[in-house]
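Survey of secondary and tertiary structure
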Amino acid sequence: MSKLVTVYGGSGFIGRYIVRRLAKEGHRVRVAVRRPNEAIFVKPYGTVGQVEPIFCNIRDDVSVQAAMLGCDAVVNCVGILTPVGKNSFDAVQHEGAERIARIASETGVAQVVHISAIGANIDSESLYQQTKALGEEGVLKHFPNAVILRPSIVFGPEDGFFNRFASMSRFGPVLPVVGADTRFQPVYVDDVAQAAVLGATGHAEPGVYELGGPDVETFRALMHQMLKVIRRNRLIINIPFWAANIMGLGFDVLKAVSLGLINGPVTRDQVRNLEIDNVVSDKVKTFADLGIKPTALEAVLPSYLWRFRPSGQYDAIKESAENLRVD
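A brief structural summary. Residue positions are given per chain, counting from 1 as you read along its sequence in written order. Per-residue local features of the predicted model are confined to residues with pLDDT of at least 70, and side-chain atom pairs are confined, for both listing and counting, to 80 or more; whole-chain, interface and lining totals are unaffected and use all residues. As a convention, hydrogens and water are excluded, and side-chain values are obtained from all of the structure's heavy atoms.

This part covers the overall build of the chain. Of the regular secondary structure elements, the chain holds 12 helices and 13 strands. When its C-alpha atoms are laid out on the principal axes, the chain stretches across 70 × 50 × 40 Å. Here's how the labels work: a residue is buried when its accessible area is under 20% of the maximum for its type, exposed when over 50%, partly exposed in between, all with a 1.4 Å probe on protein chains only. Relative to its full complement of 327 residues, the chain shows a buried share of 49%. Note on contacts: a residue pair is in contact if any heavy atoms of the two residues lie within 4.5 Å. The long-range fraction of contacts in the chain, counting pairs at least 24 apart against all pairs at least 6 apart in sequence, stands at 76%. Surface accessibility of the chain: about 16000 Å² in total, with carbon and sulfur atoms responsible for 54%. The positive charge centre, built from 35 side chains, and the negative charge centre, built from 34, are 5 Å apart in the chain. Counting from the N terminus, the helices are the DSSP runs of H or I reaching at least four residues and the strands are the DSSP runs of E reaching at least two. For the area figures, the Shrake-Rupley method with a 1.4 Å probe applies, and any residue is considered shielded solely by the protein chains shown. Positive charge is attributed to Lys and Arg, negative charge to Asp and Glu, and no charge count is given to His or to the chain ends. Positions of charges follow a simple convention, taking NZ of Lys, CZ of Arg, CG of Asp or CD of Glu.

In structure tokens:
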């Protein structure tokens, strides 16, 4: 049966894939975002009127409740990598997540899905991971039957990971990384979306699911794989954590002095995250419990990183031409 689902942060990287899947299955979707005019691109995901962007500020009870009015399920995709102004880690990832769950419980919403992250830990030195864990606690406090998804690093055409480093590789012979030996288990964005839709439609058991792809690789190995796809040779240099912490501190100070106008390439909090492996832990629910076979990284990367090749879309043609023999 068709449902009305509110997706908070539905125009973001993960959110747009959830919205697309919900619409494809015939559900009506409200896309609750801060700037509805910038989320118009989600409307063609469904038929006329099926997908509607609406304004919402998750720091405000009235705004959250208005976006949830009459809906059957909610999905919270809102998260930040760096705090900006009033959108602090605590305000967004802790208080915002708890607010959505509390109001969902009060208004009789049937299903709640919350997107968290692998590594969520109240005892972590990272504010990002602390507030992710506090957000989970807040969600379960008000909605014990929620489905909480903890993806590893998420990849896909709009990702901020592979696209970022592929872009960096165009400007010199060296590719610097922090935590080259830290392990990741990259997960395809549409697989995460499929898991979220199962939760929103009541086809997933309540609980916490850790979502990782079929392969576990170090940061260095992932960069080698990315460089192979974009056909560039670069020397991968590992920046020691002690040096990265100093850099992060400097960039944090620069951001504060510039009142947020200047953002550095790394923050101290991000360095703390990179010190910990980002992989699925033992004895937890995973994709297998949802009946989803995760997509391999190598099956997707070439489909969107080709634009970073030396000749872009023509790179393969040039390679083919070089192999031609003239008799």
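Here the focus is the nonpolar core. To qualify as a nonpolar core, a set must consist of buried Ala, Val, Leu, Ile, Met, Phe, Trp, Tyr and Cys residues joined through side-chain atoms within 4.5 Å. Counting 70 residues, the largest nonpolar core has I18, F162, M223, M226 and L305 as the members making the most contacts within it. Here the element with the most residues in this core is helix α6 (residues 189-200); it accounts for 8 residues. Membership of the second largest hydrophobic core comes to 26 residues, among which are L4, C56, V74 and F143.

Moving on to the packing of helix α1 (residues 13-24) against α6. Lines fitted to C-alpha atoms define the axes here, with helix axes fitted over just the stretch in contact, and angles between the N-to-C directions of these axes take values from 0 to 180 degrees. One can describe the packing of α1 onto α6 by two numbers: an axis separation of 8 Å at closest approach and a directional angle of 55°. On the basis of the axis angle, α1 is oblique to α6. As for how α1 packs across α6, the hand of that crossing is right-handed. Contacts between α1 and α6 involve F13, I14, Y17, I18, R21 and L22 from the former and V189, D190, V192, A193, Q194, A196 and V197 from the latter. Oblique is the label for any angle not under 35 degrees, not over 145, and not in the 65 to 115 range, which are roughly parallel, roughly antiparallel and roughly perpendicular in turn. For a crossing to be left-handed, the near helix must be turned anticlockwise from the far one by less than a right angle; the clockwise case is right-handed.

What follows deals with the pairing of strand β2 (residues 28-33). Across 5 bridges, the pairing between strand β1 (residues 4-8) and β2 is parallel. Pairing of T6 across the sheet is with R30, part of β2. In this view, the connection linking β1 to its parallel neighbour β2 by way of α1 has right-handed handedness. Here 5 bridges tie β2 to strand β3 (residues 51-55), and the two strands are oriented parallel to one another. The residue bridging V29 from the neighbouring strand is V51, located in β3. Strands were regarded as paired on the criterion that DSSP finds at least two bridges between them. The handedness rule is simple: strands pointing away from the viewer, and a clockwise path from the first strand over the helix to the second, make the crossover right-handed.

Moving on, we get to the side chain of R16. Within the secondary structure, R16 is located in helix α1. Leave out the neighbours within four places in its chain, and R16 touches G10, S11, F41, Y45 and E158.

Time to look at the packing of aromatic side chains. A pair of aromatic rings is counted whenever rings of Phe, Tyr or Trp (Trp by its six-membered ring) have centres within 6.5 Å, and the orientation is called stacked for planes under 30 degrees apart, edge-to-face for over 60 and tilted otherwise. Tallied over the entire structure, the rule returns 9 aromatic pairs. When the centroid spacing of 5.5 Å and the interplanar angle of 35° are considered together, the rings of F161 and F219 count as tilted. Of this pair, F161 sits in the loop between β7 (154-155) and α5 (162-168) while F219 sits in helix α7 (residues 219-230), and the two are 58 residues apart along the sequence. Relative accessible area serves as the criterion here: at 2%, F219 is assigned to the buried category. Ring pairing ties together the aromatic residues F161, F162, F165, F184 and F219, which thus form one cluster.

Relative to the helices and strands, W242 resides in helix α8 (residues 241-257). Take W242: its relative accessible area is 62%, and that puts it in the exposed class.

What follows covers the pattern of salt bridges. Salt bridges are identified by distance alone: a Lys or Arg side-chain nitrogen within 4 Å of an Asp or Glu carboxyl oxygen. Overall, the coordinates contain 12 salt bridges when judged by the stated rule. A salt bridge links R150 to E210; the nearest nitrogen and oxygen atoms lie 3.1 Å apart. Separated by 60 residues along the polypeptide, R150 in strand β6 (residues 147-151) and E210 in strand β11 (residues 207-211) bring together distant segments of the chain. The buried category is assigned to R150, whose relative accessible area is 17%. You can call E210 buried: its relative accessible area is 5%.

Right, let's talk about the pairing of β1 for a bit. Of all 5 residues in β1, 5 are buried, a share of seventy percent or more. Burial of the side chains of β1 extends over both faces: L4, T6 and Y8 are buried on one face and V5 and V7 on the other. Bridge count for β1 against strand β4 (residues 73-76) is 4 bridges, and the pairing is parallel. Across the sheet, the residue bridging to V7 is V75, located in β4.

Glancing now at α7. The span you would expect from a helix comes to 1.5 Å times its residue count less one. In a regular helix each residue adds 1.5 Å, so 12 residues correspond to 16 Å; α7 covers 17 Å between its end C-alpha atoms and thus fits that length. When we look at burial in α7, the residues that qualify are F219, L222, M223, M226, L227, V229 and I230. Looking straight down α7, one finds that the buried residues subtend no more than 155° of arc, so they occupy a single side. Following α7 by one or two positions, R231 has its phi on the positive side, about 60°. Note: the arc covers the axis-to-C-beta directions of the helix.

In short, shape yes, function no, at least from these values alone.
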